[in-house]
Structure formats: C-alpha cells, structure tokens
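# Structural description and commentary
Read off the chains here:
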Amino acid sequence: MAEEKQDKFVMNFEATERPGRPPQEYYDEIKAKFAEQRDVRLGYRPPGTDNYRDLDGAMAYLARDPYADGWAEREPIDDAANGDDVDVLFIGGGFSALLTSARLREKGVESIRIVERGADVGGTWYWNRYPGVACDVVAYDYLPLLDEMNYVPSRHYAQGPEIFAHCQAIAKKYDLYDLAVFQTTVTETLWDGETQRWNITTDRGDTMRAKFVVCANGTLAKPRLARIDGMARFQGHSFHTSRWDYDFTGPDLEQLADVRVGIIGTGASAVQIIPNLGKHAKSVHVFQRTPSSIDIRDDWETSDEWAAKQGNGWQAKRRAKIVSKLREQADRKGQLRHGITREEKIRRQENNNIDQMMRIHKRIDDTVDDQATADALKPWYMLMCKRPCFHNDYLPTFNRPNVHLVDTQGQGITEIGERGPIFDGVEYEVDLLIYATGFEVQQTGIYNRIVGEGDVDLNEKYDSGIRTLLGIHSAGFPNMFIMGGYQASFQFNLTDLLQVQGDHIANCISHARTAGVDTMDVTADSEEWWVQEVIAHRGKTTRNQECTPGYYNFEGQENRRQDGNYNGGFPAYIDHIADVEAEMDAHFVFTTG
Ligand code: NDP
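Let me begin by describing the structure that accompanies this report. Since we're looking at a predicted model, the values are computed, not measured. (Residues numbered from 1 in each chain as written. Predicted model: local features only at pLDDT ≥ 70, side-chain atom pairs only at ≥ 80, totals over all residues. Heavy atoms only, no water.)

## Quick word on the nonpolar core
In this structure, F90, W244, I263, L277, F481 and Y573 are the most contacted members of the largest nonpolar core, which totals 107 residues. If one sorts the elements of this core by residue count, helix α17 (residues 494-515) sits on top with eight residues. (Core = buried A, V, L, I, M, F, W, Y, C linked by side-chain atoms within 4.5 Å. Buried < 20%, exposed > 50% of the residue type's maximum accessible area, 1.4 Å probe, protein only. Helix = DSSP H or I, 4+ residues; strand = E, 2+ residues; numbered from the N terminus.)

What follows is the structure, encoded as structure tokens:
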C-alpha cells in the first residue's frame, strides 16, 4: 500500500547491506563532495544564526499581520486589581495549547486563557497561508484530536486551510475562545513567590495572573530574514512567506499576471509556493543558496469508504501502532548491529542514505529539461541534514519559460538594489520580492523574559547550557511547562511529541489539583539526571558537523552537548515520562500554602 511510503524512507536508514552495491570508492567520492559543498557554504558565512535577522528596524513593516480583520481595541486586563487569576495560561495558541487544553478540560480544569499574537488560534496554520500551503506529515496522524473531534481529514496530506479550520473547531468545542486574548504578545512572565502565581505582562499593557503557565509558543514561530545589504532600498513590494499579502497578489494569484516576482530561499515553504508562482506570475526568479531534496508526494483524497471504516478511537490506535513500530525498529536495529562494529554500521547507514540521495538526483535529471538547471537543483548532503521536501510540481516548474533559477552556489544573495536582488554583478529586476528565509528556531520557551524563583532569568540559567527535565520542566520555575523545546524527543510528526507532552502536562496539573498542592517544581537531581541523559545520547556520530548548515544543526555551529533534542528515541522518551509520572514525589517538590 502506498500509504506512509513517504514517512518510511525519510526515517529509515537501517544498517542493512544491499547486494550489488557500487564499490565503496563511489560512496566515498560522494561523501567528499558533500563535505566540499558544506565547506563552501561555511566559507561564505560565519557558522550560527548571525546571517539572519528579525523583521525589525527598517524591515519591521514585514511583520504586519495581513490576515487580521483590523485591530481589536480593548482595555488592558489587570487581574491583580480585580482579584482574578486563571488556572492555566498558555503563551501561544497553536497545536500545543489546543491539544493540552482539551486534556485539561477532560480533567475538569475550567479557567484556561490563551494569549496569542495572531488574531485567532492556529499558530503555524494561522500565519502560513501562502498559496500551496500543506503539511508533509500524513494528515491522519498530524491533525490533533481527530477522535475527540470525530473528524477524518479530507486528504492524505491536508492543506493549510483545512488544518487552520480544524484548530478553530477545537477552540470552539473546548470553549477556548471565552478567555482567549488575541493580537497580544507576552513580554514578561514573572514568578511571585508570595502569591505563588505567575504574573504575565503583555505589549497591550495587561497584567495577568495564572497558577500554571505553559510556554506553547511553537518551535518555528518567529519569522526571520537573511542579513542582506540594501534590503530597505528595494523599491518594489515585498513580504515574508508567513505574511502573504493577498491584497497584492489576489486570492488566486490572478493579479500577478503582469508581475515579475523574485523569491529568496528554497526551503520547504518556497518549494510549495514556487509552482503556484510559476503558473500565475509574469516571471519568477528563484534565488537559491542550497537546494532542497524533493521526493514524490503520494497524496490522495480520503475515500468515504475508508473514512467510514475508521471506528472509535481510530487515531489513538494509529498512534499506538506507530510507537510499537518504532519499538520494533529499535529492536531490529539492535539485532542488525550485532556482530558489526559501530564504524561498519555508520558506513552502511550512510551508503543507504547516499543511495536515497542519488535516487533524488536521478528524479531531477528525469524531470528537468535543461541540464545546467537540473545540476544546480541537486542537493549534495545526506538526507535529513535538511528538512526533506515532497512535491510533484516543483521540479517541472523549472521547465516553464517564465521560471528562472538563479543558483548562488552556496553564497546566497548578499545585496539588494532598488530594483531587485544582485548576484554576480547582475541586478535582477523584480516587482515583488518574497522572503522565503524561514524562522528562528526556538530555544525552549525564551521568547519573552521569564523570571523564576530568586529572580533568576531563564535565559541566564540557560547561559551555560539548557537544563530541563524531559524538555518540559526547569528547576526554579515552578508551575511552568515548556512545549516543543530542546531536550525533548524530536519527531518528524511534531504532533506526536506535542500530544505526549500535552498529556503529561495535563496529568501534572491534575495531580497537583487532586493533591491540593499550590506549587510543583522539578528537583535539582531529577533535572541533572535528564541533562545527563540528553548528553549521553548526543554526539555519538559526527553527522551534525558533517551536514551542510541549516536549522537542524544550528546553521553549522558547534553546539553545547545538551542544547539539542533528546536522541534516545521516542519510545524511550514516552517510557521516561511514564516513569516520572509513576514517581512524582521523587521528581518534584510540592508545596502548599
Ligand atoms: P527554511 O529555513 O527551511 O528555508 C530558508 C531558506 O532560505 C533556505 O533555502 C536558505 O538557504 C535560504 N536562504 C537564507 N538566506 C539566504 C540568502 N541570503 N540567499 C538565498 N537564500 C537564502 O524555511 P522554510 O520556511 O522554507 O521552512 C521552515 C520549516 O517549516 C521547514 O523546515 C519545515 O519544518 C516547516 N515547513 C513544513 C512544510 C511541510 O510540511 N511541507 C512546508 C513549509 C514549512 P540555506 O538552505 O542555504 O540555508
């Protein structure tokens, strides 16, 4: 069955040997080219995120929310003055907040407030409304709470509008709109030991109070721009992919018929956008620094027959099946490893990965007519060094006469003139310039100033390395939970991770309420245990350093050993959560009064 073929080959490079393989020199040569291409990129820019900047200063206009229906005026909230507070406050209103809130409601928690920068819930799916927006994870697994919502997605890979509508439906079903505050950004989250409450201030002058706070502000929530000289000089129209200006393009891009478009960046967002630009714009110049890997997209409409067959709890069953497959895979890997050295295991895995990448190269050669363009579109790095992409129209788009690839061969665009991006002495004249330059990767809930017990700032605590239990709790920050951050397991399907974390957070809050305690804080020992677990599972291979720079490897920056994901595997992460929940008193200090 074609279903989930895509996920399988993304995730699975077992240490199997294939008969009839080319000689090892073939693989070594390709690996050498991978290294050369990485070094070219690192040679052009310092490792790390310095070559990116926020949408601020002269470029602040790009941060405007084009989707909000105006600016909703309201009086600032002053919980302390009114003697109010809420049980649980979520910073951010995306999947994390929605799925955790549902669990909290199931456990009887009544006062839940979402504070959200956008004008609605949805997070990623509120902001990313560009043409072609869709998710690369199978919808039946990606959309949260399908059992609870009694909903079967309309396609194997859901498109953005359907996912956004699903978020709104969840918020309605669980009455999350009642206390929600939109168009509001949290600026500070301060622990008050006297009242044992969190005080939350915002850019709208609010002072809110909450017993529990959940940092649910997403992993890739803050759009970023490349640092390019002369950006503010550009005289045409411009926007970031997460702030699509449909007033300019028209709802179906019909206003682009006479418009020359330039797009900077070729990551997962650009890959979905470019085919649509190719169809509608007068001309499209694609400014590429590093090509994405583009594989087949097996998509189809959900049949009524299949949907009708899904009985009660069908999504939970799928999820359980995925976890048990991951357990089997881990066992099989253990067996395969038996009798071969670590080096041999890595060699086999890398060779399998290279086979996969060469299949992706062949697909390009088979699809793109112009050989120079085909060659420029070939990614020279191991799969999973960057987010793999899946699209059936992206590569053929480069056969259109109106679409032009400007391959900067790893350098990137470094200058923009009044008329457009400049590369190699040529100024490419465009009317619309789209920044598809991605998002800052969140370092565990630090987008606002978070100050815990003893006036300790979370950022300062993390100065010498992130410290958490399970990526969720950090000592000295009682009654606070972090979702989707570092030191948690990494999942290609982020919802799997968020659901596990959301369930755990709801269990913790329920436990505290049932026990009648006021605060819970992770013990220093438990936090130290987890930091060491994270370290123990990192740095076993040099893979991160060998990868071309991208957000998966901190843009090529050598990294502190604990500032990443927990790499012990998702089943082990789930087991650790269960163990912690079974022995709450061993991991947390609970206080009353
Ligand atoms: P990315 O960070 O993946 O891509 C940014 C792009 O901008 C890269 O191609 C980068 O090149 C390029 N770039 C940066 N600076 C310059 C420059 N000066 N000149 C030329 N190019 C430049 O952001 P995306 O928004 O594309 O994707 C972010 C993430 O969001 C994805 O990885 C994925 O996790 C998620 N997503 C998922 C989708 C899905 O499910 N299909 C769709 C869209 C997004 P370089 O590679 O050299 O750094």
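## Side note on the site of the ligand
Taken together, 28 residues are adjacent to the ligand, and S269, T290, K386, I413 and Y551 come closest. At 3.0 Å from an oxygen atom of the ligand is found a main-chain nitrogen or oxygen belonging to T266. Here the ligand, which alone exposes 920 Å², has 91% of that area covered by the protein. Contributing elements (two or more residues each) for the shell around the ligand: β7 (222-226) and α10 (268-280). It is α10 that contributes the most residues to the shell around the ligand, three residues altogether. (Near = heavy atom within 4 Å. Polar contact = N/O pair within 3.5 Å; in protein donor to acceptor, adjacent residues only side chain to side chain. Areas by Shrake-Rupley, 256 points an atom, 1.4 Å probe, with all protein chains shown as cover.)

## Observations concerning the pattern of salt bridges
In total, this model carries 37 salt bridges according to the counting rule given. For D365, the salt bridge is made with K378, and the minimal N-O distance between the two is 2.9 Å. Here K378 lies in the loop between α14 (371-376) and β12 (389-390) and D365 lies in helix α13 (residues 342-367), a separation of 13 residues in the sequence. According to the relative accessible area criterion, K378 is buried, its value standing at 11%. When salt bridges that share partners are traced, they join R103, E106, E148 and D503 into one network. (Salt bridge = Lys/Arg side-chain N within 4 Å of Asp/Glu carboxyl O.)

## Some words on empty space enclosed by the protein
Across all of its chains, the model carries one cavity of 30 Å³ or more by this definition. One number sums up the size of the largest cavity: a volume of about 40 Å³. Lining the largest cavity we find H473, S474, F477, P478, N479, M480, F481, M520, D521, V522 and F588. Broken down by element, the lining of the largest cavity gets its largest block of residues, three residues, from strand β21 (residues 519-522). Here the residues of the lining of the largest cavity sort into seven nonpolar, three polar and one charged. (1 Å grid on protein atoms, 1.4 Å probe; cavity = no way out; pocket = protein on both sides within 12 Å on 5 of 7 lines; lining within 4 Å. Points joined across faces, edges and corners; volume = space filled by probe spheres on them. Nonpolar A, V, L, I, M, F, W, Y, C, P; charged D, E, K, R; others polar.)

## As for the packing of aromatic side chains
One pass over the full model with this rule turns up 25 aromatic pairs. Ring geometry for Y67 versus Y126: centroids 5.9 Å apart, planes at 90°, classification edge-to-face. Highlighted residues: Y67 in the loop between β1 (52-54) and α3 (79-82) and Y126 in helix α5 (residues 124-127), separated in sequence by 59 residues. Judged by its relative accessible area of 15%, Y67 falls in the buried class. Aromatic ring contacts, followed pair by pair, group Y67, Y126, W127 and F164 into a single cluster. Lying across the ring of Y126, R129 places its NZ or CZ 4.6 Å from the centre. Here the guanidinium or amino end of R243 rests over the ring plane of W127, the centre of that ring lying 3.8 Å away. (Phe/Tyr/Trp six-rings, centres within 6.5 Å; stacked < 30°, edge-to-face > 60°. Lys NZ or Arg CZ within 6 Å of the ring centre and 35° of its normal.)

## Things to note about the sheet that holds strand β14 (residues 415-416)
The strand order across the open sheet built from three strands is β14-β15-β16, with neighbouring strands paired in antiparallel fashion. Each edge of the open sheet is held by one strand with a lone partner, namely β14 and β16 (426-427). Sheet analysis places β14 next to strand β15 (residues 421-423), joined by two bridges and oriented antiparallel. Counterpart to E415 in the pairing with β15 is I422. (Pairing = 2+ DSSP bridges.)

## A word on the pairing of strand β6 (residues 207-215)
In terms of burial, β6 is a largely internal element, eight of the nine residues being buried. Two elements, strand β2 (residues 86-91) and β6, share five bridges in a ladder whose sense is parallel. Within the sheet, the bridge partner assigned to L89 lies in β6 and is V213. In terms of strand pairing, strand β5 (residues 197-202) meets β6 through four bridges, oriented antiparallel. Bridge pairing links N199 to R209 in β6. With three bridges joining them, β6 and strand β20 (residues 480-482) adopt parallel strand pairing. Among the inter-strand pairings, V214 is bridged to a residue of β20, identified as F481.

Functional significance is not addressed by these values, which are geometric in nature.
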